[in-house]
Amino acid sequence: MSWMNDLYVIYQKLDANSCEAVKNDILKAQIDGCSRGEIYFLVLQQLLQIKKEKAPVYELIKDEVESFIHYSSNPYRLSA
């Protein structure tokens, strides 16, 4: 599974749990990025902030966030 697929599932879970503000923060980071690698790291920043500051929301998307974080260990996979 690619990090883009993880991100898609995260958006679905946030929608299903009425977490629109959190989703919008992540979407803004995604839109602000110019390339896949830059998008990844901007979104990663948002997800790490959610992990740190919004524990209940993080619990909803924990598996996908951890999978998403795992992609940073292999920069080649970011372009896939």
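As shown above, the structure is provided for reference.
Calculation notes
Residues numbered from 1 in each chain as written. Predicted model: local features only at pLDDT ≥ 70, side-chain atom pairs only at ≥ 80, totals over all residues. Heavy atoms only, no water. Helix = DSSP H or I, 4+ residues; strand = E, 2+ residues; numbered from the N terminus. Rg over C-alpha atoms; globule rule 2.2 N^0.38 Å. Buried < 20%, exposed > 50% of the residue type's maximum accessible area, 1.4 Å probe, protein only. Areas by Shrake-Rupley, 256 points an atom, 1.4 Å probe, with all protein chains shown as cover. Lys, Arg positive; Asp, Glu negative; His and termini not counted. Charge placed at Lys NZ, Arg CZ, Asp CG, Glu CD. Salt bridge = Lys/Arg side-chain N within 4 Å of Asp/Glu carboxyl O. Expected span 1.5 Å × (residues − 1).

Let us look at the overall build of the protein chain. Along its length, the protein chain carries five helices and zero strands. The N-to-C order of helical and strand elements in the protein chain reads α-α-α-α-α. Here the C-alpha radius of gyration of the protein chain, 12 Å, is about what a compact globule of 80 residues would show, namely 12 Å. For the protein chain, the proportion of its 80 residues judged to be buried stands at 34%. Here the protein chain has roughly 4800 Å² of accessible surface; of this, 54% comes from carbon and sulfur atoms. Mean positive and mean negative side-chain charge positions of the protein chain (9 and 11 charges, respectively) differ by 3 Å.

Considering all chains together, one arrives at four salt bridges under this definition. A salt bridge links E66 to K51, with the nearest nitrogen and oxygen atoms 3.1 Å apart. Within this pair, whereas E66 is found in helix α4 (residues 55–70), its partner K51 is found in helix α3 (residues 36–53), the two being separated by 15 residues in sequence. We classify E66 as partly exposed; its relative accessible area is 32%.

Most of the time, phi is negative for any residue but glycine, and the peptide bond is trans. A positive phi is found at S18, a non-glycine position, where the angle reads about 55°. Among the residues examined, S18 registers a relative accessible area of 68% and is labelled exposed.

Compared with an ideal rise of 1.5 Å per residue, which puts 16 residues at 22 Å, α4 spans 19 Å between its outermost C-alpha atoms and falls more than 12% short. All of the buried residues along α4 are V57, Y58, I61, E64, V65 and F68.

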